[in-house]
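Understanding the architecture of this molecule
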Amino acid sequence: MNLPANFPFKKVMITVVSVVIVIALIITGVTVAVNGKAANATVDVEQVSNISTQYWGDQSSTYGNATSDFVQELYPDKEKAISKIFVKEGDTVKIGDTLLQYDTTKLQLKVESKELEEKKKKYELEQAEKELTKLQNTAPYVEPVIPEPEPEPTPTPVPESQAELYTEITEHSKPFKGAGTEEDPYVFLCTEDAVLTKGFLLKLLGVTDPRATPTPTPTPSAEPTAQPSEAPTATPQPTVTPEPTAEPTTAPTEAPTPAPIEPTEAPTPAPIEPTEAPTVSGMAWFKQMTFTKTNETGGESVPTPEPDFTLPDGPFVARFEVHEQDNENLPLVKGWQMDGDKISAGFFNEVISEPDDIQMPDLSNADPGISYDTGGSMYTAEELQQMIADKKQQIQDLKLNVKQAAHDLEKAKLDLENATIKSTVNGVVKSLTDLDTAMSTSSPFLVVSGGDGFYITASLNESLLGKVHVGDTVMASSWENGQMYEAEIVQISDFPNDNSNYYYDGSSNPNSSTYQFTARIADADGLKNGMGLDITLQAASDNASNAIYLFKAYIRSDDGGKYVLKVGDDNRVHKTYIKTGKTIYNQYLEIKSDTLTEEDYVAFPYGTSAIDGAKANGMEENTDENDGIDARGLDA
């Protein structure tokens, strides 16, 4: 922005500073107002114990009939073995007398079996839940985008081989590198089927070929004298060398020797010209013997040209390598090494050193966009959705299996606990038969008939097994006379009823089994035999005595979750988040977190004064006379 030269720049700065100050004052004012409102606000509070209740379990209703001639019948059970019977036919018994004792060994094994079955079902459920989590976290398969092929890089040219390739290594083979030492051996380029000659091995080991030892040549005199040959007789005769004379003689000095032979016709090697005495070394003789061939026309042998290289006398160390394409600049295929000093050979097939002229590709800086991970998903989004739906259904079925296994375990434990059967009536043992007869006729083997008082015979749902026990109290009301009766459960059947045509309140599954129970009414005034009764059972809850159920009006929610306005140490209410559970009586919500106890105070979280930081009012006014009365004036 270009301002005119005479523009009052100081006025612009004053305007900007003024706007900033006004904004700061507004923010400060709002903050002070809010804090001041919270500091001056006062809100009424109530102790949690006054606005909460306890839960002792669900109530269940059923229907039964009153009878004055209740009979206790015991049927044989294939899964139970009786260890002892304490009564006989005709005995008088009272309620609580022991009738018989079952063998607990088999019952204990049944409990252990049901425990293992429950653990198995729980494990299957845990595995299914893990598989569901894995499926939910699996990314669907996406068809990859195939990039356009990049032009192939120009291959690095391989230098031509400079070493001679050997199929036969002799003492004249020339290594392409090395000094023959253990640290720097001679290196030969050879084929896989290369052979080593004897001459090379002798050089390697530092041994002189015996054939290379020269024949000593006599020193001729001033005038040569023909050497006499050996006598042609079977027994060789010694030859006497005549004294040289000034004139050469043609005949031997002694008679036994044959006539002298001219030097050119003697079978022994021709004498050397007397004009020069040549010196022939052993190595020269060996070369002459090795590099000599016969003229093709059958003439005299002529020496071949001497080689341009000969290995030095050993011992030395030699290395034999086979490379790709018979090129020493390409990777090594195999090889071996021989040490003439130690008379040893070592084979190898690893690359000892990389050729200096070959550029190996560097994989450390590979394209990070290329992934070689094969653990990705191969399922499309539709397939994953279907698999997740199927897994959720499987989890629901497994949860039912876990519940059934827990129910079976509970029943097995009840059988073990009730291994001792006691009388549930005051009466007489009417009959006692053997188990085989009772089993074949499907009749009770022990019958106790009672004649005093009234009993209620009804049924309960299998879901209440383990929650309703012998000795629990039930309430019964008569439709006919309108009176209430208290009864004590004296027996719960071990077997389900043949049919489930019993009344229930709808809180249980109608497709589940029912079990008959009997309760004795102590005060049966007004009852008649066969009178119908409505029965209410109280099912115990596992955590009934520990949980707090707070009146729902004192719980509020925001983006952070559910919370209460709890009084802190500064005597002011503060927003405290809680975890909640199930609802009972449609009015109270279970508090599952440890942030709230019955001794704490909370405020009603609605209204102009119900703000974080408001001062608590009414903590001193809560006395014992208010116990049991909630903030609405209703019984808790």
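Our structure is the block above this text.
So, a few notes on the structure that sits alongside this text.

What follows is about the sheet that holds strand β23 (residues 548–551). The strand order across the open sheet built from four strands is β2-β23-β28-β27, with neighbouring strands paired in antiparallel fashion. Single-partner strands in this sheet number two, and they are β2 (52–53) and β27 (580–584). The pairing of β2 with β23 spans two bridges and is antiparallel. The residue bridging T53 from the neighbouring strand is Y549, located in β23.

Here the focus is the packing of helix α2 (residues 104–136) against helix α5 (residues 381–417). Put simply, α2 and α5 touch, their axes get as near as 8 Å, and they point 165 degrees apart. It follows from the interaxial angle that α2 and α5 lie roughly antiparallel. Note on packing geometry: the crossing formed by α2 with α5 is left-handed. Tallied by class, the residues present in the contact of α2 with α5 amount to 17 nonpolar, four polar and 16 charged.

Take the sheet that holds strand β7 (residues 98–102) next. If you walk across this open sheet you meet the three strands as β5-β7-β15, and the pairing is antiparallel. A single partner strand is all that each edge strand has here, and the edge strands are β5 (82–85) and β15 (420–422). If you compare each strand with its neighbour and ignore which way they point, the axes differ by 20 degrees on average. As defined by bridge partners, β5 adjoins β7 across three bridges and the pair is classed as antiparallel. Bridge pairing in β7 links I82 to Y102.

Okay, a nonpolar patch on the surface next. On the surface, L205, V207 and I343 cluster together into a nonpolar patch covering about 290 Å² of accessible area. Relative to the helices and strands, V207 is located in the loop between α3 (198–205) and α4 (282–290).

With that out of the way, let us pick up the pattern of salt bridges. Applying the stated criterion across every chain yields a total of 13 salt bridges. Put simply, D558 and K575 hold a salt bridge, and the shortest N to O gap is 3.1 Å. Here D558 is found in strand β24 (residues 556–558), whereas its partner K575 is found in strand β26 (residues 573–577), with 17 residues between them in sequence. For D558, a relative accessible area of 30% corresponds to the partly exposed category. By relative accessible area, K575 is classed as partly exposed at 36%. Members of the salt-bridge network, linked through shared partners, are K80, K110, K411 and D415.

What follows is about unusual backbone geometry. The step from G314 to P315 runs through a cis peptide bond, and the omega angle for that step is 5 degrees. Unusually for a residue other than glycine, Q325 sits at a positive phi of about 55 degrees. Along the chain, the position of Q325 falls in the loop between β12 (317–323) and β13 (332–339). Although it is not a glycine, D326 adopts a positive phi angle of roughly 50 degrees. Within the secondary structure layout, D326 lies in the loop between β12 and β13. Note on D326: relative accessible area 35%, which makes it partly exposed.

Ranked by internal contacts, the top residues of the largest apolar core, which has 24 residues, are L460, F517, I521, L527 and I535. Listed by contribution, the elements that provide at least two residues to this core are β18 (454–461), β19 (473–478), β20 (484–496), β21 (514–521) and β22 (532–538). With residues up to four places along the chain from it excluded, the contact list for F517 reads T62, I456, T457, A458, S459, L460, I489, Q491, I492, I535 and L537.

Turning to the layout of surface pockets, a few remarks are in order. By volume, the second largest pocket is sized at about 1200 Å³. Every residue lining the second largest pocket is counted, 42 residues in all, and those nearest its centre are Q491, I492, S493, D494 and Q516. Elements with a minimum of two residues in the lining of the second largest pocket: β4 (71–74), α5, β15, β20 and β21. It is β20 that provides the largest number of residues to the lining of the second largest pocket, a total of seven residues. Partitioned by chemical class, the residues of the lining of the second largest pocket number 17 nonpolar, 15 polar and ten charged.

So, on to α2. Between its first and last C-alpha, α2 extends 48 Å over 33 residues, near the 48 Å set by a 1.5 Å rise per residue. Here the buried face of α2 lies against β7 and α5. A side-chain oxygen of the first residue of α2 lies 3.2 Å from the backbone nitrogen of T105; this N-cap is D103.

What follows concerns the side chain of S478. Relative to the helices and strands, S478 resides in strand β19. Here S478 is in contact with Q483, Y485, M531, G532 and L533, once residues within four sequence places are set aside.

One ladder, built from five bridges, connects β19 with β20; its direction is antiparallel. Bridging from a neighbouring strand, T473 pairs with E488 of β20. Counting the residues that bridge the hairpin from β19 to β20 gives five residues, and of these G482 lies at a positive phi of roughly 75 degrees. Here β20 pairs with β21 via six bridges, running antiparallel. Looking across to β21, one finds that Q491 is bridged to T518.

The rules we used
Within each chain, residues carry numbers counting from 1 in the order of the written sequence. Thresholds applied to this predicted model are a pLDDT of at least 70 for local features of residues and 80 or more for the giving and counting of side-chain atom pairs; totals over whole chains, interfaces and linings are not thresholded and use all residues. Hydrogen atoms and water are omitted, and side-chain values are computed over all heavy atoms in the structure. We call two strands paired when DSSP finds no fewer than two bridges between them. Put simply, DSSP H or I for four residues or longer makes a helix, DSSP E for two residues or longer makes a strand, and each gets a number counted from the N terminus. The axes used here are C-alpha line fits, helices contributing only the stretch in contact, and every angle between their N-to-C directions lies in the interval 0 to 180 degrees. By definition in this entry, angles of less than 35 degrees are roughly parallel, angles greater than 145 are roughly antiparallel, angles of 65 to 115 are roughly perpendicular, and the rest are oblique. For a crossing to be left-handed, the near helix must be turned anticlockwise from the far one by less than a right angle; the clockwise case is right-handed. Residue type decides the class: Asp, Glu, Lys and Arg count as charged, Ala, Val, Leu, Ile, Met, Phe, Trp, Tyr, Cys and Pro as nonpolar, and the leftover types, Gly among them, as polar. Exposure above 30% relative accessible area and the absence of a salt bridge qualify a residue for a patch, where like charges join within 9 Å and nonpolar side chains (Val, Leu, Ile, Met, Phe, Trp, Tyr) within 5 Å. Computed by Shrake-Rupley with a 1.4 Å probe, the accessible areas treat only the displayed protein chains as cover when residues are assessed. Counted as salt bridges are all cases of a side-chain nitrogen of Lys or Arg within 4 Å of a carboxyl oxygen of Asp or Glu. The cut-offs for exposure are 20% and 50% of the maximum accessible area for each residue type, with area from a 1.4 Å probe on protein chains only; residues under the lower value are buried, those over the upper are exposed, and the others partly exposed. Note on terminology: a nonpolar core comprises buried Ala, Val, Leu, Ile, Met, Phe, Trp, Tyr and Cys residues joined through side-chain atoms within 4.5 Å. Contacts are residue-level and defined by heavy atoms, with any inter-residue pair within 4.5 Å sufficient. Put plainly, a pocket is an open set of points on a 1 Å grid over the protein atoms alone with protein on both sides within 12 Å along at least five of seven lines, a cavity is a set where a 1.4 Å probe fits but cannot get out, and a lining residue has an atom within 4 Å of a point. Grid points are joined across faces, edges and corners, and a volume is the space filled by probe spheres set on the points. What a helix should span is 1.5 Å times the count of its residues minus one. Counted as a polar contact is a pair of N or O atoms within 3.5 Å, where, for protein atoms, one must be capable of donating a hydrogen and the other of accepting one, and residues adjacent in sequence contribute only when both atoms are in side chains.

So, to be careful, I would describe these as geometric facts and stop short of saying anything about function.
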